[in-house]
Every structure is written in structure tokens, then in C-alpha cells.
Amino acid sequence: MAQSVQADRKVLRVLSGEALSPPPAWMMRQAGRYLPEYRETRAEAGSFLDLCYSPDFAVEVTLQPIRRFGFEASILFSDILVVPHALGQDVRFVEGEGPRLDPMHGRAEFERLRRADDPAIFTHLEPVFETVRRLRADLPPETTLLGFCGAPWTVASYMIGGRGTPDLAPARALAEGDTALVDALIDRLVTVQTAYLVRQLRAGADAVQIFESHAGSLPKAVPLASDTVEPVGDVSESALPETRAIDALSRWSFRPIARMIAGIRAEVPGAKIIVFARGSGLDGHARVVPETGADAVGVDWAVDLAALRARVPASTVTQGNVHPDTLIEGGPALDAAVDAVLAATRGLPHIFNLGHGITPQTPVAHVEQMLARLRRR
Ligand code: CP3
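Residues numbered from 1 in each chain as written. Predicted model: local features only at pLDDT ≥ 70, side-chain atom pairs only at ≥ 80, totals over all residues.

Peer 1: Any details on the UniProt feature "domain: Uroporphyrinogen decarboxylase (URO-D)" (unreviewed entry) in the protein chain? Residues and values, ideally.
Peer 2: Under the UniProt annotation, the feature "domain: Uroporphyrinogen decarboxylase (URO-D)" (unreviewed entry) is placed at residues 24–33. Here residues 24–33 is 0% helix and 0% strand, with 23 Å between the C-alpha atoms at its ends. (UniProt positions renumbered as here; feature names shortened; annotations may be inferred. Helix = DSSP H or I, 4+ residues; strand = E, 2+ residues; numbered from the N terminus.)

Peer 1: Now, about the pairing of strand β8 (residues 317–322): what can you tell me, with residues and values included?
Peer 2: Here β8 lies mainly inside the structure; 6 of its 6 residues are buried. Read as a crossover between parallel neighbours, the route from strand β7 (residues 296–298) over helix α15 (residues 305–311) to β8 is right-handed. The pairing of β8 with strand β9 (residues 350–354) spans 5 bridges and is classified as parallel. By the bridge assignment, Thr 318 is partnered in β9 with His 350. (Buried ≥ 20, exposed ≤ 12 C-beta atoms within 10 Å, placed from the backbone. Right-handed = clockwise from strand over helix to strand, strands pointing away. Pairing = 2+ DSSP bridges.)

Peer 1: Can you tell me about the sheet that holds β9, naming the residues and giving the values?
Peer 2: Strand order across the open sheet formed by 7 strands is β1-β4-β5-β6-β7-β8-β9, with parallel pairing between neighbours. Of all strands in the sheet, those with a lone pairing partner are β1 (73–75) and β9, marking the two edges. Going from strand to strand, the sheet's axes swing by 25° on average, the running direction of each strand aside. Note: strand β6 (residues 272–277) against β7, 3 bridges, orientation parallel. Its bridge partner being in β7, Phe 276 is matched across the sheet by Gly 298. (Axes fitted to C-alpha atoms, helices over the stretch in contact; angles between N-to-C directions.)

In C-alpha cells, the structure reads:
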């Protein structure tokens, strides 16, 4: 019974390796300010965090884009920053400016965070699990329900810098300076967020996406990998452990994500996981599945999807990657962008999406145009 219901969930089928034509679709940030009904509920709910922590409102805004557009996947309405909030850091959303956290300058702030085994973390996040439970009951059975969280580096960069500074300079400086502290923070996020995604899956999420939105701003320096022993004395470069050669993307992003994925699958065998490593380039995107063990790679708009498909095995599941600005533009440019995604992924397992979140100024009619182009026979 459960099997036959699941078989109708097209996004889940693609995540298992099937190629579907047309590919199933959803959009990052599909519940958001470009929708008048979202703006209405948002005004009623109060602050953005009130909206995230109120299952009634969170369920409503999650369902809005499904009702309007019939996307094949629904993504839980919440934010990646509810996790630092649950760890005890102050988090606010400033109207028109974005998130603000009390920045973490060093060990003193780290020591004040809740420990990974503090049950208060998940008491704080209980409204999120309640939202997932209600969503699974309210969604059409054929809609795949996605849970999510931020990748450890992306969440850490907000926790350290207090905001998404353009170049993430504070996070990079700390990562290049007190690497042990950044390792400790990333470790805590790996542990807590592994448990967080396991709980979302147990509450009814069919699959989860890990957002590494700041993969493009990793420190340039290549620090010694945390799992190697510091060599003592004067050792020649060649005598250093092999892991010395790993790059920042592996050390700070892909390895922590790989630990999360292994931890999730140990608790929920066969859990389906998408990793979106924005700004990691063609090379980084090609490494996501082999290095993290993800089931699918979310492709950002800066990557040439055809070039990526030529680089990775045909069995690799991709997701993406229409430029959000092309969706704003609409018209022939949008049709051409949809066609390009279809041409690059014909006969291959692919989930149609944008290459980053939809922006508030996007006309709703352009989303309709995009889906009509995608679904035409
Ligand atoms: O519909 C969905 O995609 C689900 C909900 C969702 C939100 N944030 C809602 C939101 C998801 C999956 C996120 C993830 C998220 N949050 C990321 C990773 C994805 C990405 O965009 O790269 C990041 C980096 C954040 C942190 C964050 N939250 C920022 C930087 C901002 C401000 C930017 C903005 O658009 O205002 C937010 C606020 C936010 N999260 C909004 C929404 C709908 C807008 C706030 C509002 O309604 O006032």
C-alpha cells in the first residue's frame, strides 16, 4: 500500500535514478514573497520566525505554491537559521535586509551554545516536525515532501559573521585562523543537523535537501585536514599524510556533508538526499555525488548544465538550473532556458528547478509560462 502511493511521487522516482519526461519540477523558495497569498499570510503571522514556528501558518504557506502550480515537490517552509536559533544564538530577520545573528568572535560565544545532546534543541524545533507531519497528511499523495537544512559551512558562516556578508570575510578569517574552533562548530552542526534531518524524515519528509549556499566563499587557504595527526618536527612535504592535499571544499564542505549523509542513512536506510553546493563551479558540482554520497546534485545557474552532464556518469541525478533572472525576464528567453535544460537532460534522471531561489519581484505569470513550456506535449 505504502509502496504504491510512493510510486506516484515523481521526484522520489527520479531520486531513485529514473528519467522522466517531462522531468518533475519544483522551485527553490517556491513559498515566498512573489506570491500575494504568501505576503498576506506573512503579514498575519507577525515576524518571519513566528511564521516558521507556527505550524498553522507554515503549513499554509508551504501549500500555497502547490495549489497554484501543482509542483511535483513541496519543500517544508522554514529556514536554515532555525538551527543556530535552537542552539541558543540570537537570530532576527530585519525587514528588507535579511538575517542578523549575534556574531561569534571566538570561543566564548561557542561555549555558550547548547551542547549537541541538549534535548532543548529539539524541543525548540518541535514546531518544524509538527509542520512536516501535517504537511504529509495535507499534501496530495503524489507530491514529494522535501525537508531541508543548511550545510554546516553555510550555517557556520552565518553564525560566525552574524550575517551573509558578501564575501563571508569573518567566517573565512576565523577558518584561516582558529581552525580548531571552526572544526568544533562544524562538528556540532554535523551532529545536530544529522539528528534534525532524521527527525524530519521520521515525521514524514520523503527526501531532504542540504543547502550549501556559500560553497563559493570557502577560504582559499588549504588547512590541514582535521582527521590527520599534526606532524612533529621538521618533516618534508612528501612525508606529510596524504590528506594534507585535500582542498577547502572537501575539508569544510563535502566531508562534513558526507558525515551527515552517512549518519542519516544509518538511522533511515535508503534516505534520499539532494546536495546544492552553490558557487562550487563545474568541478565542484561534478564532485558532489562521489564525495558526499548524495543521491542528486542541485546545479546552480552559473554552471553549464550540458557541460556538467557530459562530465558526470549518465546515472547521476541532477536538479536545476534556470537562472532566477531569466524567470523575471520571461518571454522567449525563458522558453529558451527551459528548452536548454530539457535538451541537456533528455533521457537522463533530472529534476527541473531554478539555479537558486525565486526572487520577490518575479511575476507569477512567468512561473506559469515556465511550467507550460516544461509540461507541453
Ligand atoms: O520555499 C522554500 O524554498 C522553503 C523555505 C526556505 C526559506 N529559506 C524561506 C525564507 C528555504 C529552503 C530557505 C533556505 C535558506 N535560508 C537558505 C539557503 C537557500 C538559499 O537561498 O541559498 C539561506 C542562505 C537562508 C538564509 C536566509 N533566510 C536569507 C539570506 C534570507 C533573506 C533573503 C531574503 O530573500 O529576504 C532569509 C529569509 C527568508 N527565508 C525568506 C523566506 C521566504 C524571506 C523572508 C520574508 O518572507 O520576509
